[in-house]
Each structure stands twice: as C-alpha cells, then as structure tokens.
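# Overview (structure and organization)
Spelled out, the chains give:
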Amino acid sequence: MELRRARDVRKLTQKGAAGELGWAPSKILRIETGQVGISGTDLRALLELYGVTDPERVATFTEMAKQSRKQHWSTYRDVLNQDFLIYLGFEGSASTLRQSESLILPGLLQTEEYARAVIHAFSTPNTSTQLTERQVEVRMKRQEILDRADPPDLFFILDEAVIRRAVGTSATDSKVMRRQLKHLNDIGARENVHLRVMRFGHGVHMGLKGPFVILEFPEPGDDDLLFLENGPHSLATRDDVDEVSLYKNQFLELEDFALSETETAQLIERVCAEM
C-alpha cells in the first residue's frame, strides 16, 4: 500500500513504472496487491524510481519489506486460495470491516467447535483430519485482530437464518449452537463490534445475493477493498471503484432495515433459550 502511494505521488501508472525498470507490469501488480513479497534489490529500484531518498523513509520501507516476507498467512497456502491469502494480508491492516452473511456465521465470530463443524461439512470425504485442523487453525488466528490494542471497527449484518441454523453433529447441535450464540452476544457487546440481524419478516433482501466483505483503511487515500467469498472462486479487488461502491451502498441499505444492536442481542438470547 505504501509503495502504491509512493508511485501515485510520482504520477506513474503500474505499466509506466514497470517500463522504466524493464519489468513486466504484472510484477508491480503482484507486489502492490500483496501476492508476493519484494526483494531488497527490487525495493531499492522502486524507491529510486519514486524519488524516495530520505534515509528514515528508506529504512521504514526496508523494515516493512522484511516483515511482509515473514507474513504467517503464506504458510497456509496448502489450505487457502490465493485471493483469500491476499484478503487476509489486508484484513490485518484495515481500520473498518463491513460484512454481510446470509448462511454461515463470519469466521471472525465463530467458536472453534462451530468452525470445525462448518469446515468438516464443507470438506470432501478424502479431506484429511490434518487439513481440516489447519483450516480451523487459520480461522482462529484471524480472530487475533479482535484482541489487538487497536482493533478495527467491525460491522456485521446477518440474515436470521444464520443464528437459527443448527451447526454441529446431530447429537450436539444444540450445545454447539448455544455456546456459539452466547459467544456471539459476548463479542457483540464490545464497543468496536456492531452486530445486527435481518429478520425473516423483511423478506428478500440484497444480502441474499451472497456474502461480501468491505475493508476500509486508516489512510484517507487508500481505496477500500471488496472481498466476495465464493469458495475456490473468491475475489478480492480494490481496482473496480464502482463495484466496491455498489456493495458498500448495499451494506448501508441493509442497515436501514436490520434490527438494532440491542434488538439483535435480545433476539439471539431468545433463539439460544429455544435451543
């Protein structure tokens, strides 16, 4: 993101910067979207091209490059697709997250046993226990942002089906869901978490088209990121500003019709009691 900002200051396109350095444009794209790390040599070449010569700024860029090569998400390439890996890199630096879900609870809100049940249900018969546990591990690691000193503001719109659908084995469905719903209200009580439910009575709404996440970043000049979660065909994009804006407006419209946070907490308590 910082490299992209430095390029914009020099009024260079990705293609123009790549041409100056004799690189393929896709190399700049992969670096700026977080698909790959960047070597010290390539970093120095970019900084020189962008006119970044202040020793302190150069040192900051160098340290960021070192850290980016150590991102722990890359160790999960065997269980995550490339677009989701890109998304996770951005999720950790977002200041605001807005997510709409109509089927399953968002990963950031799942208990470990709920996550394991969902992952198991979506797995093929040949999926090993080790692979399943690595997917659960990733989901739990993502939740570390909830306990950061500066956690992001999180806004969730859930269809009522999400909190009513029993998840778990047939013998323990109610136990898994009761613990999950209690956890949901505990998380929802945090100052930075805003949880709201869309009642069945509202009928068909835009959230039923499919789950999506919008990430916003602390720097005003940074574009929002849209993530469309659809299994192996997920999409993470910042480039289509109109598409990102469309989904953001849809989220805000959903908020107009969803229960308030207080009403949502009360509904979750009632559903939990019914179980």
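Here the structure is shown first, and the text comes after it.
Throughout this description, residue numbers start from 1 for each chain and increase along the sequence as written. In view of the model being predicted, local features appear only for residues whose pLDDT reaches at least 70, and side-chain atom pairs are presented and counted only at 80 or more, with totals across whole chains, interfaces and linings using the full set of residues. Calculated side-chain values reflect all of the structure's heavy atoms, with hydrogen atoms and water omitted.

## Here's the deal with the packing of aromatic side chains
Note on ring pairs: Phe, Tyr and Trp rings are taken, using the six-membered ring of Trp, and paired if centres are within 6.5 Å. Classes follow the plane angle, with under 30 degrees stacked, over 60 edge-to-face and the rest tilted. Evaluated as defined, the whole model comprises seven aromatic pairs. On the basis of an interplanar angle of 40° and a centroid distance of 5.5 Å, the ring pair of Phe-84 and Phe-227 is categorised as tilted. Taken as a pair, Phe-84 in helix H6 (residues 82–91) and Phe-227 in strand S5 (residues 225–228) lie far apart in primary sequence, 143 residues in all. Each member of the pair, Phe-84 as well as Phe-227, carries the same accessibility label: buried. Numbering goes from the N terminus for both helices and strands, where a helix is a DSSP run of H or I of at least four residues and a strand is a run of E of at least two. Whether a residue is buried, partly exposed or exposed follows from its accessible area with a 1.4 Å probe, protein chains only, as a fraction of its type maximum: under 20%, in between, or over 50%, in that order.

## Let's talk about H6
Counting buried positions along H6 yields seven of ten residues, so the element is predominantly enclosed. Within H6 the residues assigned to the buried category are Phe-84, Leu-85, Ile-86, Tyr-87, Leu-88, Phe-90 and Glu-91. Pairs of residues are marked as contacts when any of their non-hydrogen atoms sit within 4.5 Å. For H6, the elements touching its buried residues are helix H3 (25–32), strand S1 (96–101), helix H8 (129–142), strand S4 (212–216), S5 and strand S6 (235–237). Polar contacts, as counted here, are pairs of nitrogen or oxygen atoms within 3.5 Å of one another; within protein the pair requires one atom able to donate a hydrogen and one able to accept it, and residues that are adjacent in sequence qualify only if both atoms are side-chain atoms. Its side-chain oxygen at 3.2 Å from the backbone nitrogen of Asp-83, Asn-81 defines the N-terminal cap of H6.

## Topic: the packing of helix H2 (residues 14–21) against H3
The interhelical angle for the contact between H2 and H3, taken along N-to-C directions, is 120°, at an axis separation of 8 Å. Taken together, the axis directions place H2 and H3 in an arrangement best described as oblique. Considering the relative orientation of H2 and H3, their crossing is right-handed. Between H2 and H3, the contacting residues are Gln-14, Lys-15, Ala-17 and Ala-18 on the first element and Pro-25, Ile-28, Leu-29 and Glu-32 on the second. Note on residue categories: nonpolar means Ala, Val, Leu, Ile, Met, Phe, Trp, Tyr, Cys or Pro, charged means Asp, Glu, Lys or Arg, and polar means any other residue, Gly included. Its residues assigned to classes, the contact of H2 with H3 shows five nonpolar, one polar and two charged. Axis definition: a line fitted to C-alpha atoms, limited for helices to the stretch in contact. Angles are taken between N-to-C directions and run from 0 to 180 degrees. For classification, angles of less than 35 degrees are called roughly parallel, those exceeding 145 degrees roughly antiparallel, those between 65 and 115 degrees roughly perpendicular, and all remaining angles oblique. Take the far helix as the reference: if the near one is turned anticlockwise from it by less than a right angle, the crossing is left-handed, and if turned clockwise, right-handed.

## So, empty space enclosed by the protein
Residues are said to line a cavity or pocket when one of their atoms sits within 4 Å of a point; the points come from a 1 Å grid over protein atoms alone, cavities being sets where a 1.4 Å probe fits but cannot get out and pockets being open sets with protein on both sides within 12 Å along at least five of seven lines. Grid points are joined across faces, edges and corners, and a volume is the space filled by probe spheres set on the points. Inspection of every chain in the model, using the stated rule, returns one cavity of 30 Å³ or more. Lining the largest cavity are Leu-3, Ile-28, Ile-31, Glu-32, Leu-46 and Tyr-50. With three residues, the top contributor of residues to the lining of the largest cavity is H3. Looking at the lining of the largest cavity, its residues break down into five nonpolar, no polar and one charged.

## Quick word on the pattern of salt bridges
Whenever Lys or Arg places a side-chain nitrogen within 4 Å of a carboxyl oxygen from Asp or Glu, that contact is recorded as a salt bridge. The tally for this structure, following the rule as stated, stands at 20 salt bridges. Close ionic contact of Glu-216 with Arg-98 constitutes a salt bridge, the shortest N to O distance being 2.7 Å. Pair noted here: Glu-216 is in strand S4 and Arg-98 is in strand S1, with a separation of 118 residues, a long-range link. The exposure class of Arg-98 is buried, given its relative accessible area of 13%. Where Asp-224 meets Lys-248, a salt bridge forms, and the shortest distance between an N and an O atom there is 3.2 Å. With Asp-224 in the loop between S4 and S5 and Lys-248 in helix H11 (residues 241–257), the pair connects residues that are 24 residues apart, well separated along the chain. On the basis of relative accessibility, which here comes to 23%, the residue Lys-248 falls in the partly exposed class. Here the salt bridges share partners, and the residues they tie into one network are Arg-98, Glu-216, Asp-224 and Lys-248.

The analysis is restricted to geometry; functional conclusions fall outside its scope.
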